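What follows is each chain in one-letter form.
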Amino acid sequence: MQTNFTPEQLQDPGVEESEKILRKCVHCGFCTATCPTYVTLGNELDSPRGRIYLIKDMLENGRAADEQVVKHIDRCLSCLACMTTCPSGVNYMHLVDNARAHIEKTYKRPMMNRLTRALLAFVLPYPGRFRLALTVAKLGRPLVPLFKSIAALKPIAAMLELAPKSVPAKSRFAAPGSHMPETSKKGRVAILTGCAQPVLRPGINEATIRLLTRLGIEVVVPRGEGCCGSLVHHMGREEAALESARRNVDVWIRELDTAGLDAIVITASGCGTTIKDYGYMLRLDPDYKVKAARVSALTKDVTEYLATLTLPAPEEPAGLSVAYHSACSMQHGQKITRQPKDLLRTAGFVVRDPAEGHLCCGSAGTYNIMQPEIARTLRDRKVKNIEATGASIIATGNIGCITQIASGSKLPIVHTVELLDWAYGGPRPEGVPAPKSFLQAAE
Ligand code: SF4
Ligand code: SF4
């Protein structure tokens, strides 16, 4: 694609990077076929190619974002299916991140939209605040029908609907410290405890720590780590995201340079995609660019790391059928497609692939709160495809997808690592009935 930026405009590193990305796009439109918003809404401006044109026009003309650009960029899930499809290597992720930062700087959103976004940015990245908010949400649930009837309050209604009926107790595994291996030590990793996940499903990190320590890996929960920054990053709040990134980089580099680390293990693929991008995000910061690149290189999804270890023969529960939902951040963001399914198969599960596996479930960070209608349409499509596999349980590698799909399906849904922990001697994951009841159900 031809571009017409002036040399002055190209002084801005965000514009310079955007120009390079725009030049790679050849308008072929292959990406439209796999874009969930284009597939759902059928509007070119809700396709990757349409958004690329909108971004180009806005940046090239040095214009502030307007209502139309914001509408169509806000509808983008950042699922990155377009990057998997694109034959020209267009880095849509960095382009839309730049566009979102530009929108944040130049566009004044309606008041309710601003307040909702500010509330999400204030609450979600902090486990203590999030836990408190979920407790308060229970009291607000009777107001859902009222909020749903007022357009500006629909995101609040979506938030209340997604909040779990009960909040699990705080896990002792979340506290900073070291979990020593149960057998002779074969490695040492840090685990990102995360922000929303340990509140909603503490069992995921517990299963990871149990499984890894049984396999001879020391797992350290470093003091000082926090949210990876992706939630605010996707809202265009660049500085807040970079602040989170710098804090985590400091924490992990300290561990790496003292006791050493073989990997930084991530159990939420949304976080993994962002942390693997820290090197890029902090490329302009002379104090952090090298350290951030080291952190990104060391970051591994838990299934990616497990695939490098030698696993024993599984103990439980042979033959259960699992529909594997590959999160967008896993398959498109990190290109991890093989390892989770291979691990499940080796552990004795029968893995089933739902149709349209490339399409997003509608979770996408805070998307299911900010764009509840599109998110619900995508969720229902996803659930239909998953349930058509006839599997007994659903496995995935991202807490956002777990929450989203659970809100539309009666099937138990767990993190892949919870099933692996179970198969290799850990407890049965919460919500998954004993294998016997599956057998009875199948009769
Ligand atoms: S990131 Fe996803 S929703 Fe956004 S343009 Fe690409 S395919 Fe479409
Ligand atoms: S597939 Fe790639 S090159 Fe083709 S229109 Fe989409 S982004 Fe541009």
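First, a word on what this report is: a plain description of the structure on this page. Please read these numbers as outputs of a predicted model, since none were measured by experiment.

### Concerning the pattern of salt bridges
Then comes step 1: Counted according to the given criterion, the structure contains 28 salt bridges.
Then comes step 2: Each member of the salt-bridge network shares a partner with another, and the members are Lys185, Arg188, Glu218 and Glu255.

### Quick notes on the side chain of Thr213
Then comes step 1: For Thr213, the position within the fold is in helix α12 (residues 202–214).
Then comes step 2: We classify Thr213 as buried; its relative accessible area is 6%.
Then comes step 3: Aside from chain neighbours lying at most four places away, what touches Thr213 is His179, Met180, Pro181, Glu182, Thr183 and Val219.

### As for unusual backbone geometry
Then comes step 1: We note that His27 has phi near 60 degrees; this positive angle belongs to a residue other than glycine.
Then comes step 2: When you line up the elements, His27 lands in the loop between α1 (13–24) and α2 (36–41).
Then comes step 3: Using a relative accessible area of 35% as the deciding quantity, one classes His27 as partly exposed.
Then comes step 4: The backbone of Leu80 sits at a positive phi, close to 70 degrees, despite the residue not being glycine.
Then comes step 5: The residue Leu80 is located in the loop between α4 (67–74) and α5 (81–85) in this model.

### Considering the site of ligand 2
Then comes step 1: As a structural note, the neighbourhood of ligand 2 is formed by 13 residues, with Cys25, Cys28, Gly29, Cys31 and Cys86 the closest of them.
Then comes step 2: Here the shell around ligand 2 is built from residues that sort into nine nonpolar, three polar and one charged.

### Re the environment of Pro168
Then comes step 1: Structurally, Pro168 can be placed in the loop between α10 (154–162) and β1 (177–179).
Then comes step 2: The spatial distance from the C-alpha of Pro168 to the C-alpha of Asp74 is 32 Å, given a sequence separation of 94 residues.

### Description of the site of ligand 1
Then comes step 1: Cys35, Arg51, Cys76, Cys79 and Cys82 are the nearest of the 13 residues found near ligand 1.
Then comes step 2: Those elements that place two or more of their residues in the shell around ligand 1 are α2, α3 (48–60) and α5.
Then comes step 3: Class assignment for the residues of the shell around ligand 1 results in ten nonpolar, two polar and one charged.

### Things to note about the pairing of strand β8 (residues 393–396)
Then comes step 1: Along β8, one buried face is formed by Ile393 and Ala395 and the opposite face, lined by Ile394 and Thr396, is buried too.
Then comes step 2: Looking at chain direction, strand β6 (residues 321–325) and β8 are connected through four bridges and run parallel. Residue pairing in the sheet places Tyr324 in a bridge with Ala395 of β8.
Then comes step 3: Across three bridges, β8 lies against strand β9 (residues 413–415) in parallel orientation. Bridging across to β9, Ala395 finds its partner in Val414.
Then comes step 4: At this point the chain moves from β8, through helix α23 (residues 399–406), to the parallel β9, and the crossover so formed is right-handed.

### Structural notes on the sheet that holds β6
Then comes step 1: Pairing is parallel across the open sheet formed by four strands, whose spatial order is β7-β6-β8-β9. In this open sheet, the two strands that pair with only one neighbour each are β7 (350–352) and β9. Direction aside, neighbouring strands of the sheet carry axes that sit 35 degrees apart on average.
Then comes step 2: By the bridge criterion, three bridges tie β6 to β7 in an arrangement that is parallel. Considered in β7, the bridge of Ala323 is made with Arg352.

The rules behind the values
Within any chain, residue numbers begin from 1 and follow the written order of that chain's sequence. Throughout, the order in which chains and ligands are written sets their labels, letters from A for the former and numbers from 1 for the latter. Predicted model: local features are reported for residues with pLDDT of at least 70 only, side-chain atom pairs are reported and counted for 80 or more only, and whole-chain, interface and lining totals are derived from all residues. For side-chain calculations, the full set of non-hydrogen atoms in the structure is used, while hydrogens and water are omitted. Within this document, salt bridges are pairs made up of a side-chain nitrogen of Lys or Arg and a carboxyl oxygen of Asp or Glu, the two lying within 4 Å of each other. Where helices and strands are cited, they refer to DSSP runs of H or I of at least four residues and of E of at least two residues respectively, numbered from the N terminus. Summary of the burial criterion: residues with accessible area below 20% of their type's maximum are buried, those above 50% are exposed, and those between are partly exposed, where the area comes from a 1.4 Å probe applied to protein chains only. Residue contacts are defined here by distance: any two heavy atoms, one from each residue, within 4.5 Å place the two residues in contact. Here, proximity means that at least one heavy atom of the residue falls within 4 Å of the molecule or strand. Side-chain classes follow a simple rule in which Ala, Val, Leu, Ile, Met, Phe, Trp, Tyr, Cys and Pro form the nonpolar group, Asp, Glu, Lys and Arg form the charged group, and the remainder, Gly included, forms the polar group. Between any two strands, at least two bridges found by DSSP are needed for them to pair. For the handedness criterion, the strands are oriented away from the viewer, and a crossover whose path from the first strand over the helix to the second runs clockwise is classed as right-handed. Note on method: axes are straight lines fitted to C-alpha atoms, helices fitted across the in-contact stretch only, with angles between N-to-C directions ranging 0 to 180 degrees.

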